[in-house]
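Breakdown of the fold
As a plain string of letters, each chain reads:
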Amino acid sequence: MKKNDWIELDIDDLGTDGQGIGHKDGAAVFVDGALPGERVRAKVIALKKNYVVGKLEEILSASPMRVKPPCRVFGKCGGCSLQHLSYAAQLQFKQNFVRNCIQRIGKLELPVNFPLPARNEYRYRNKAAFPVQKNGEQIDIGFYAAHSHRLIDVDDCRIQPSALRIVMSQLRVWLVKNKVSIYDESTHTGLLRHIVLRENKAGELMLILCINGEDIPNKAHLIMLFEFVLPQVKSIILSFNTKRTNTIMGGRSVCIYGKDYLFETLCGLEFRIGPQTFLQVNSAQTEALYNTLLRMLALTKADTVLDLYCGAGTISLAAARRAKRVIGIELVEEAVENAKFNAKLNGIENAIFFAGDTARLLPSVLEREAVSTVIVDPPRKGLDEAVVRALAASGVPKIGYVSCNPSTLARDLALFSELGYSAGVVQPVDMFPQTTHVECVVVLSCKN
Ligand code: SAH
């Protein structure tokens, strides 16, 4: 094969980013947009050391699992990569992907259940964050194209709240009428950097404008555009971010309309959501995830639970109602403040929270407390080896592992297995339809 060759091939697998994979002359060929079971014609666009990249030119025979993507920027935007695959087949792909990770990376034979499907295949996210850029005379608000900082202008996004369309159009009116300047990252000038929209299950909205400055022009006009057209907007906030950084929100913020928070109900508990509060992005599936975990852990009032990487204490508080006591540990101080506030809000008195690095705080907590169950919900990089070793050394009877990355989950399960823990069934939970991401829950027990 040479660059610019036209090739025909059968696609037999999907890669981790949703690309179709076929084989030609002994090499794996990655073709974006092609699906397993399809025969396609592709143009060779890159020859790498271990694989070839092909550009899809024609589908010669289509998979019965192929569906028409509803989004007009599908294939351009770096967001959803599976919109062309039926939802049932997406779930099947996720189950296979988790199974492969467990077998290939973890070298373990564990049962992997079919993923718990999401209630909503679209409109499931509770938070959208869009960069804003000037494009000639036009203002682009949208998402970055895959692997780039090039902005794709959108007026809607099917996985975001349905109010997004109106929010975008009203914002554009305000931006144009008031000649609001747009941030330019190369010169670090201009005002508006990002727009963030948060929604609770009741449909109430918080709009956050992230600005490189201290104020915005014509606030009254902005407020009027939302107050009458979109009364669900309960909060408009300015977040001051004047640093040269990729971070979206600044440290300080001020509320210019309504309240500076929303409430969200999860597993029957109330949570106060500020502009910076961390919350899983799919509220309906978060409840499914937490309920699955708690059911698999079968907590009783005799259990002392340690919730590591506890964020705003959502899992901790749901567990506290079933356990004797819960101790939460979380790196971000503000999240810990949220957790403490939410405990009070719900009248929960058997939960305490500490801010700090898990690896650093864990040994002393394990020494002080008679922990019977540990819950871990780490970021994508998984658990530090020191954390796995400290947990195994403590001999804690049960560990509930919530993971957003099957590869690091498999790696960590392998180490736990070496250190005397056996894992039960792996339950994937689909929090992110149309993307290749998948969350998993698994419970480990100490073998002796
Ligand atoms: N369990 C929570 C949050 C999970 S996200 C929920 O369901 O909402 C992972 C969390 O781990 C984030 O809040 C992140 O701030 C935190 N974190 C990352 N590294 C950490 C560390 N070394 N020690 C403690 N917490 C950490």
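Conventions used here
- Residues numbered from 1 in each chain as written.
- Predicted model: local features only at pLDDT ≥ 70, side-chain atom pairs only at ≥ 80, totals over all residues.
- Heavy atoms only, no water.
- Helix = DSSP H or I, 4+ residues; strand = E, 2+ residues; numbered from the N terminus.
- Rg over C-alpha atoms; globule rule 2.2 N^0.38 Å.
- Buried < 20%, exposed > 50% of the residue type's maximum accessible area, 1.4 Å probe, protein only.
- Contact = heavy atoms within 4.5 Å.
- Areas by Shrake-Rupley, 256 points an atom, 1.4 Å probe, with all protein chains shown as cover.
- Lys, Arg positive; Asp, Glu negative; His and termini not counted.
- Charge placed at Lys NZ, Arg CZ, Asp CG, Glu CD.
- UniProt positions renumbered as here; feature names shortened; annotations may be inferred.
- Salt bridge = Lys/Arg side-chain N within 4 Å of Asp/Glu carboxyl O.
- Polar contact = N/O pair within 3.5 Å; in protein donor to acceptor, adjacent residues only side chain to side chain.
- Near = heavy atom within 4 Å.
- Nonpolar A, V, L, I, M, F, W, Y, C, P; charged D, E, K, R; others polar.
- Domains from an automatic or database assignment.
- Pairing = 2+ DSSP bridges.
- Axes fitted to C-alpha atoms, helices over the stretch in contact; angles between N-to-C directions.
- Arc of directions from axis to C-beta.
- Phe/Tyr/Trp six-rings, centres within 6.5 Å; stacked < 30°, edge-to-face > 60°.
- Lys NZ or Arg CZ within 6 Å of the ring centre and 35° of its normal.

Here we take up the overall build of the protein. Scanning the protein from terminus to terminus reveals 9 helices and 22 strands. A globule of 448 residues ought to have a C-alpha radius of gyration of about 22 Å, and the protein, at 24 Å, matches this closely. Principal-axis analysis of the C-alpha atoms gives the protein an extent of 65 × 65 × 35 Å. For the protein, the proportion of its 448 residues judged to be buried stands at 53%. Restricting to contacts in the protein with at least 6 residues of sequence separation, those with at least 24 account for 62%. Taken as a whole, the protein presents about 19900 Å² of accessible surface, with 52% of it coming from carbon and sulfur. Taking the average location of the 54 positive side-chain charges in the protein and that of its 46 negative ones, the two points are 1 Å from each other.

The UniProt entry lists C404 under the feature "active site" (unreviewed entry), expressed in the numbering used here. With respect to the helices and strands, C404 occurs in the loop between strand 19 (398-403) and helix 9 (406-418). Excluding residues within four positions of it along the chain, C404 makes contact with P378, P379, R380, V438 and E439.

It is worth spelling out the side chain of E264 at this point. Within the secondary structure layout, E264 lies in strand 13 (residues 262-266). Look at E264: it is buried, it has no salt bridge, and the nearest opposite charge is K201 at 4.9 Å. In terms of polar contacts, E264 uses its side chain to reach the side chain of S283, at 3.1 Å. Among residues more than four places away in sequence, those in contact with E264 are E199, N200, K201, L269, E270, F271, I273, L279 and S283.

All right, on to the side chain of Q160 then. Turning to its location among the elements, Q160 is positioned in the loop between strand 8 (151-153) and helix 2 (164-177). According to the relative accessible area criterion, Q160 is buried, its value standing at 3%. Contact partners of Q160, with chain neighbours within four places excluded, come to R123, R125, K127, A128 and F143.

Glancing now at the site of the ligand. In the vicinity of the ligand, 16 residues are found, and the nearest of them are Y290, E330, D357, T358 and D377. Here a nitrogen atom of the ligand sits 3.1 Å away from a polar atom, N or O, in the main chain of Y309. Here an oxygen atom of the ligand and a side-chain polar atom of E330 are 2.6 Å apart. When the ligand sits alone it has 580 Å² of accessible area, and the protein chains cover 87% of it. For the shell around the ligand, the class distribution of residues is 8 nonpolar, 5 polar and 3 charged.

Quick look at the domain arrangement of the protein now. Entries for the protein in the domain assignment read domain 1 (6-66), domain 2 (94-119 + 267-446) and domain 3 (127-260). Of note, the centres of domain 1 and domain 2, computed from C-alpha atoms alone, are 37 Å apart.

Attention now goes to the sheet that holds strand 7 (residues 138-144). Spatially, the 7 strands line up as an open sheet ordered 8-7-6-9-10-11-12, and their pairing is mixed. Each edge of the open sheet carries a strand with a single partner, namely strand 8 and strand 12 (252-258). If you compare each strand with its neighbour and ignore which way they point, the axes differ by 30° on average. The pairing of strand 9 (residues 192-199) with strand 10 (residues 205-211) spans 7 bridges and is antiparallel. Looking at the pairing, L197 lines up with L207 of strand 10. Relative to the sheet, helix 3 (residues 219-227) contacts strand 10, strand 11 (233-240) and strand 12, its axis offset from that of strand 12 by approximately 55°.

A word on the UniProt feature "binding site: S-adenosyl-L-methionine" (unreviewed entry) in the protein. When the UniProt feature table is mapped onto this chain, "binding site: S-adenosyl-L-methionine" (unreviewed entry) is found at Q280, Y309, E330 and D377. Along the polypeptide, E330 turns up in strand 16 (residues 325-330). Contact partners of E330, with chain neighbours within four places excluded, come to Y309, C310, G311, A335, V336, F354, A355 and G356. There is a polar contact of 2.8 Å between the side chain of E330 and the backbone nitrogen of G311.

With that out of the way, let us pick up the sheet that holds strand 2 (residues 20-24). Backbone-to-backbone hydrogen bonds join strands into a sheet, with any given pair of strands oriented parallel or antiparallel. Taken in spatial order, the 5 strands close into a barrel running 1-2-3-5-4, and their pairing is mixed. On average, each strand axis in the sheet is tilted by 50° relative to the strand beside it, whichever way the strands run.

Within helix 7 (residues 358-368), burial applies to T358, L361, L362, V365 and L366. The buried residues of helix 7 occupy an angular sector of 130° when the element is viewed end-on, so they sit on one face. Residues of helix 7 that are exposed and point over 90 degrees away from its buried face: R360, E367 and R368. Taken together, the buried residues of helix 7 touch strand 15 (304-308), strand 16, strand 17 (351-355) and helix 8 (385-394).

This brings us to the packing of aromatic side chains. For any pair of aromatic rings, geometry is given as the distance between the ring centres together with the angle between the planes. Under the defined criterion, the tally for this structure stands at 5 aromatic pairs. Between the aromatic rings of F93 and F97, the centroid separation amounts to 6.2 Å while the plane-to-plane angle is 10°, which identifies the pairing as stacked. In this pair, F93 and F97 both sit in helix 1 (residues 87-105), 4 residues apart, roughly one turn of the helix. Look at F130 and F143: their rings are 4.9 Å apart centre to centre, the planes differ by 55°, and that puts the pair in the tilted class. Residue F130 is found in strand 6 (residues 127-135), and its partner F143 is found in strand 7; the two are separated by 13 residues along the sequence. Residue F130 is classed as buried on the basis of its relative accessible area, which comes to 1%. Positioned over the ring face of Y261 is R272, at 4.4 Å from the centre of the ring.

Turning next to unusual backbone geometry. For residues that are not glycine, phi is negative in most cases, and the peptide bond is trans in most cases. Of note, K179 is a non-glycine position whose phi angle comes to about 45°, a positive value. Checked against the element boundaries, K179 lands in the loop between helix 2 and strand 9. The residue A298 is not glycine, and still its phi comes out positive at about 45°. Here A298 lies in the loop between helix 4 (283-297) and strand 15.

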